[in-house]
Structure formats: C-alpha cells, structure tokens
Amino acid sequence: MATEDINSKEKEATTENQESIETIAEANDDKNEIHSEEKAHKKMKLKKDKNEVLVQELGEKLAEITDKHLRLQAEFDNFRKRTLKEKAELIKSGGESVLVNILPVVDDFERALVSLKDVPDEDAGKKGTQLIYSKFSEFLKQNNIKEIDAIKQDFNVDLHEAITKIPAPDESLKGKVVDVLQKGYLLNEKVIRFAKVVIGE
C-alpha cells in the first residue's frame, strides 16, 4: 500500500511537472508569438516608412520633370514665334537692297525731267523719259516704297538728314525744311534712305 501511495504521488508530481513544463512552454510560445508579431509589425512599419520616402522622392522627381517640360515647351514656343517673326520681316523687306539701288536711277530720271522742262511736250525724247519715269514710280508703289514728305515739314531726325541751314525766307519756316536736295524713301514704314534737306533758321 505504501508503495502504491508513493507511486501515485510520484505520478502526480510528474504530471504536475509536465503540466508546469507545458505551461512554461505555452508561455514561451506566447512570448515568441508576441515577439514575432512585434518584429513583423516593426518590419511593416519600416517598409511603410521606406515606401513613404520613396513616394515622396518620386513625387519630387515628377514635379522637377514636369517643370523642366513646361520650361522647354515655353522656350520652344518663344523660338517658334521669333522664327516666324524673322521670316515675316525677311519676306517683307527681302528685296530691300535691290530697291535701294534703284533709287538713284529714279533720281536721275527726275533730274532729266527737270532738264527737259523747256522742251515741248510733243518731243519723243521727253515723252519716252516721262513714260519710263512713270513706270519706275509705279514699280516703287507696288513694292510699298513711299516718298518721305519733307518740304515745309518740321525737321524730324528719324526721317530727315540736315545738310545745311539757311536763313528762313519766312518766319513760319523757322525750324522747318526749306529745300530738299535728295528725296527720302520708306519701305513698309522703315526708312531706307533719309531725305537730305536744308533747314530754315
């Protein structure tokens, strides 16, 4: 009987030890679970932080690229407008040098007409000269060349070139153009030759 009691007590002690070992093991498992959950949570938080940083960096890069794109687009637009304007100006005044070189010929025809003033109108030479002069004048008009009005106008440095000053024949002509030595011309409102004038003082 005593042996049975001892055996049953040993069994109970062994069972209790086993239960406490299982309890400790469960507690350890719980701790390990909590610890692994914390680790997983920390990993997720780190990953989330890294993702947020990455998203922020990508957002900044996108903003920078967008800004560069807009600036480049604006520069190209300005370049295109400038090129179109330059082309339009070239077309507008493309033959300027040719037209400027024709002006002395027109001056010569005007001098010839002045010298033919005393010749009768029926003279073939006078008629031919007048015809050629009128054709030249029409050619100039077709190419947007206008004569600069100078006589009895206020002296304007943007249009006139003063050659000399003389006493004004009339008080109203002081500071005005008294005589024109060489006509001036405009091409599309741009001076291609200044009028050479005499000013009254």
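Please refer to the structure higher up on the page.
Note that this is a predicted model, so its numbers are computed, not measured.

K.L.:
Looking at this structure, how should I read the side chain of Arg-193?
P.N.:
On the secondary structure map, Arg-193 appears in strand β5 (residues 190-193). Arg-193 gets classed as buried once you look at its relative accessible area, which sits at 14%. Side chain to side chain, Arg-193 and Asp-107 meet in a polar contact 2.9 Å long. Side-chain polar atoms of Arg-193 contact the backbone oxygen of Lys-183, separated by 2.8 Å. Discounting residues that sit within four places of it in the chain, Arg-193 has contacts with Leu-103, Pro-104, Asp-107, Ile-148, Gln-182, Lys-183, Gly-184 and Tyr-185.

K.L.:
Teacher, can you tell me more about the pattern of salt bridges here?
P.N.:
Side-chain pairs of opposite charge can arise whenever the charged atoms involved come near each other. Under the counting rule described, the total for this entry stands at 13 salt bridges. Measuring nitrogen to oxygen at the nearest pair gives 3.0 Å for the salt bridge that ties Glu-96 to Lys-190. Here Glu-96, found in helix α2 (residues 96-115), pairs with Lys-190, found in strand β5; they are 94 residues apart in sequence, far enough to count as distant. Given the relative accessible area of 41%, Lys-190 is considered partly exposed. With a closest N to O distance of 2.9 Å, Lys-183 and Glu-110 form a salt bridge. In this pair, Lys-183 sits in the loop between β3 (177-182) and β4 (185-187) while Glu-110 sits in helix α2, placing the two residues 73 residues apart along the sequence.

K.L.:
Looking at this model, I keep getting lost on the sheet that holds β3. Mind explaining?
P.N.:
Strand pairing within a sheet occurs via backbone hydrogen bonds; the two strands may be parallel or antiparallel. Read across the sheet, three strands follow the order β2-β6-β3 without closing on themselves; strand pairing throughout is mixed. Looking at the sheet topology across the chains shown, the edges are occupied by β2 (160-166) and β3. In this sheet, neighbouring strand axes are inclined to one another by 30° on average, regardless of whether the strands run parallel or antiparallel.

K.L.:
It is not clear to me how the pairing of β5 should be interpreted in this structure. Could you clarify?
P.N.:
Each regular strand shows side chains that alternate between the opposite faces of the sheet. Sheet topology places β4 next to β5; three bridges connect them, and they run antiparallel. Within β5, the position partnered with Tyr-185 by the bridge is Arg-193. Hairpin connection of β4 to β5: two residues between the antiparallel strands, including Asn-188 at a positive phi of 50°.

K.L.:
What is the right way to read the environment of Gly-175 from this model?
P.N.:
Assignment of secondary structure puts Gly-175 in the loop between β2 and β3. Distance from Gly-175 to Asp-154, taken between C-alpha atoms, is 6.4 Å for residues 21 residues apart in sequence. Those residues in contact with Gly-175, other than ones at most four positions away along the chain, are Asp-154, Phe-155, Ile-199 and Gly-200.

K.L.:
What should I look at first to understand unusual backbone geometry in this one?
P.N.:
For residues besides glycine, phi is generally negative; the peptide bonds are generally trans as well. Phi is positive for Asn-144, close to 60°, though the residue is something other than glycine. The phi torsion at Lys-152 lies on the positive side, around 60°, for a residue other than glycine. Here Lys-152 shows up in the loop between β1 (145-147) and β2. The class of Lys-152 is exposed, set by a relative accessible area of 56%.

K.L.:
In this structure, what is going on with the environment of Val-177? I would like to understand it.
P.N.:
Counting through the fold element by element, Val-177 comes out in strand β3. Classification of Val-177 as buried rests on a relative accessible area of 0%. Here the alpha-carbon distance between Val-177 and Gly-200, two residues 23 residues apart in the chain, equals 6.3 Å. Excluding its chain neighbours within four sequence positions, the residues that come into contact with Val-177 are Ala-150, Ile-151, Lys-152, Gln-153, Phe-155, His-160, Val-197 and Val-198.

Definitions and limits used
- Residues numbered from 1 in each chain as written.
- Predicted model: local features only at pLDDT ≥ 70, side-chain atom pairs only at ≥ 80, totals over all residues.
- Heavy atoms only, no water.
- Helix = DSSP H or I, 4+ residues; strand = E, 2+ residues; numbered from the N terminus.
- Buried < 20%, exposed > 50% of the residue type's maximum accessible area, 1.4 Å probe, protein only.
- Polar contact = N/O pair within 3.5 Å; in protein donor to acceptor, adjacent residues only side chain to side chain.
- Contact = heavy atoms within 4.5 Å.
- Salt bridge = Lys/Arg side-chain N within 4 Å of Asp/Glu carboxyl O.
- Pairing = 2+ DSSP bridges.
- Axes fitted to C-alpha atoms, helices over the stretch in contact; angles between N-to-C directions.

That is the geometry; function is a separate question.
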